[in-house]
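Notes for the structure review
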Amino acid sequence: MREVGETTLDLCDDIEMLDLGPDDVAIKITHTGVCHSDVSVMNGTIPQEPPLVLGHEGAGIIEEVGSNVDDLAVGDHVIVVWSPPCGKCVYCTGRNQPNLCINITFGAMARTKFAQGGQEMMGMAGAGTFAERTLMPRQGVVKIDSDIPLDVASLIGCGVMTGVGACLNTAKVSPGSSVVVFGAGGVGVAAIQGARIAGAAEIVAVDKNPAKLDEAIAFGATHAVLPEDLADTKNQITGGDGFDYALECIGVPALMRTAYDMTRRGGTCCIVGVGRMEEMVSFNAFELFYNEKTLVGSYYGGTDVRTDFHRLLRLWKSGKLNLEGMITRRISIHEINPALEAVRNGEVVRQVIEF
Ligand code: APR
Ligand code: ZN
């Protein structure tokens, strides 16, 4: 990515990976999902300075380990973590919120790891998985069993963890509850599955793309509606009260507001989608008190990747989390620009690049 605002990426074969540090691992990326956040970096919603190698939802095989890394070996299969826990700070220990640890993330984000003709560049979110090889700090990978297909594994690195984690870790969806999920892309479909796993009684998917509605049902939504039909569905399902849980998985301010309105008094509205910094959502000063709703952001699904990635893989192994079905298209890196366009158009659940 050369400039913020451009809609295409340059495909280059002359970008080199910089040298491995003592605390790093080098990974051969075998699979990487194309996530809406990649598009959001291109259009400036998520700020990151170009030139940049995009991609942050990846899995692969360790090719080299730094001299201080004694618990990973060449050949290990790993999932890339774009917000790694340092394991030592107060977020990682006392607060039990390792997803919010910035010690490694900020360093990894600001670090150049690639170079082209002498110009160094960073990887998106400290990752950069649209490259065949990338460098990660040791904490930026989670080792998995080598019999797990790496295409399935790659999805866990961002969208699946984000959506399932929003339900299980952040909103804490309870059995028998009613849930509405805005957006049936990769993150929304993962949230629908998270709500199903949590035992929600009703799961309503909302998407503006009619083709997404059948798909949402296939992943566990009990109802799937266009935005204009949501109010009726809410009244029918909740007797007008509103949903116990609403999850916004798109990143649009107006829909964040709608998600709050669709939440019942005392319910939980969870913001998963990423909007622009200059965009505002307003609430009146009375309703925040009077409705006693919980309004909560969910960053990386509130995860502790060291345990949650394995938890999700066990759910997948036991048939409770459908990951293969989320792969709408398998593509080559040469198809990246049409793939990004398909994400902009909301056409796909996930496209996975196979190197
Ligand atoms: N109303 C209803 N549905 C919408 C609207 C809208 N105004 N705008 C977009 N959608 C739908 C699209 O049709 C698509 O199905 O939202 C879905 C978004 O899915 P993806 O593009 O696959 O995005 P995803 O990767 O799931 O990410 C969603 O989570 O992590 C964040 O940065 C990410 O903000 C993004 C959000
Ligand atoms: Zn992502």
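Up top is the structure these notes are about.
A brief structural summary. None of the values given here were measured: they were computed from a predicted structure.

What follows deals with the pattern of salt bridges. Pairing is possible between side chains that carry opposite charge, provided their charged atoms lie close to one another. Under the counting rule described, the total for this entry stands at 17 salt bridges. Its salt-bridge partner being E354, residue R330 comes within 3.3 Å of it at the nearest N-O pair. Of this pair, R330 sits in strand β16 (residues 327-331) while E354 sits in strand β17 (residues 350-354); the two residues are 24 residues apart in sequence, bridging distant segments of the chain. Take R330: its relative accessible area is 42%, and that puts it in the partly exposed class.

What follows concerns helix α5 (residues 211-218). Considered for burial, the residues of α5 that qualify are K212, L213 and A216. Take α5 and look down its axis: the buried residues cluster within an arc of 105 degrees, on one side only. More than 90 degrees from the buried face of α5, the exposed residues found are A211, D214 and A218. Buried residues along α5 sit in contact with α4 (186-198), β11 (202-206) and β12 (223-225). G220 occupies a position one or two residues after α5 and carries a positive phi of about 125 degrees.

Protein-derived ligands of the zinc ion (ligand 2) are C35 (SG), H56 (NE2) and C158 (SG), with the metal-ligand distances lying across 2.0 to 2.3 Å. Summarised as a motif, the one-chain spacing of the donors to the zinc ion (ligand 2) is C-x20-H-x101-C. With C35 in the loop between β2 (24-34) and α1 (36-42) and C158 in helix α3 (residues 150-171), this pair connects stretches of sequence that are 123 residues apart. Assigned by exposure class, C35 and C158 land together as buried.

Below, the discussion takes up the side chain of E248. Tracing the chain through its elements places E248 in strand β13 (residues 243-248). We note that E248 is buried and unpaired, the nearest opposite charge coming from K208 at a distance of 11 Å. A distance of 2.8 Å separates a polar side-chain atom of E248 from the backbone nitrogen of G251. Polar side-chain contacts of E248 include one of 3.0 Å to the backbone nitrogen of V252. Residues in contact with E248, not counting those within four places in the same chain, are F182, L255, M256, A259, C270, I271, V272 and G273.

Our next topic: the packing of α3 against helix α9 (residues 305-317). Two elements in contact, α3 and α9, have axes separated by 10 Å at closest approach and are oriented at 95 degrees. Comparing their axes, α9 and α3 come out roughly perpendicular. Of the residues in α9, those touching α3 at V152, I156, G157, V160, M161, V164, L168 and N169 are D308, F309, R311, L312, L313 and W316. For the contact of α3 with α9, the per-class residue count stands at ten nonpolar, two polar and two charged.

Turning our attention to the packing of aromatic side chains. A full pass over the atoms with the stated rule returns five aromatic pairs. Taking the centre distance of 6.1 Å and the plane angle of 70 degrees together, the rings of F286 and F289 count as edge-to-face. Taking relative accessible area as the criterion, F289 reaches 61% and is therefore assigned exposed. Arranged with centres 5.2 Å apart and planes meeting at 20 degrees, the rings of F286 and Y290 form a pair that is stacked. Its relative accessible area of 52% is what places F286 among the exposed residues. The class for Y290 is partly exposed, based on a relative accessible area of 40%.

The next thing to look at is the side chain of D76. Mapped onto the secondary structure, D76 falls in the loop between β4 (57-65) and β5 (77-80). Not counting residues within four places of it along the chain, the set of residues in contact with D76 comprises G60, I61, I62 and K143.

Time to look at the sheet that holds strand β15 (residues 294-297). Judged by pairing direction, the sheet is parallel, and its six strands sit side by side in the order β12-β11-β10-β13-β14-β15 without closing on themselves. Looking along the sheet, the strands with just one partner apiece sit at the ends: β12 and β15. Across the sheet, the mean angle separating the axes of adjacent strands is 15 degrees when strand polarity is ignored. Of the pairings in the sheet, the one linking β13 to strand β14 (residues 263-271) comprises five bridges and is parallel in character. In the strand pairing of β14, F243 is matched with T263. Sitting on the sheet, α5 touches β11 and β12, and the angle it makes with β12 is about 165 degrees.

Turning to the site of ligand 1, a few remarks are in order. Residues in contact with ligand 1 amount to 22 residues; listed here are only the nearest, H36, S37, V187, D207 and K212. In this structure, G186 approaches ligand 1 through a main-chain N or O atom, which is 3.1 Å from an oxygen atom. D207 places a side-chain nitrogen or oxygen 2.6 Å from an oxygen atom of ligand 1. Surface burial for ligand 1 is 90%, taken as the share of its 740 Å² of free accessible area covered by protein chains. At the level of secondary structure, the elements contributing two or more residues to the shell around ligand 1 comprise α1 and α4.

Calculation notes
- Residues numbered from 1 in each chain as written.
- Chains lettered and ligands numbered in written order.
- Predicted model: local features only at pLDDT ≥ 70, side-chain atom pairs only at ≥ 80, totals over all residues.
- Heavy atoms only, no water.
- Salt bridge = Lys/Arg side-chain N within 4 Å of Asp/Glu carboxyl O.
- Helix = DSSP H or I, 4+ residues; strand = E, 2+ residues; numbered from the N terminus.
- Buried < 20%, exposed > 50% of the residue type's maximum accessible area, 1.4 Å probe, protein only.
- Arc of directions from axis to C-beta.
- Contact = heavy atoms within 4.5 Å.
- Donors = N, O, S within 2.8 Å, 3.2 Å for Na, K, Ca; no water.
- Lys, Arg positive; Asp, Glu negative; His and termini not counted.
- Polar contact = N/O pair within 3.5 Å; in protein donor to acceptor, adjacent residues only side chain to side chain.
- Axes fitted to C-alpha atoms, helices over the stretch in contact; angles between N-to-C directions.
- Parallel < 35°, antiparallel > 145°, perpendicular 65-115°, else oblique.
- Nonpolar A, V, L, I, M, F, W, Y, C, P; charged D, E, K, R; others polar.
- Phe/Tyr/Trp six-rings, centres within 6.5 Å; stacked < 30°, edge-to-face > 60°.
- Pairing = 2+ DSSP bridges.
- Near = heavy atom within 4 Å.
- Areas by Shrake-Rupley, 256 points an atom, 1.4 Å probe, with all protein chains shown as cover.

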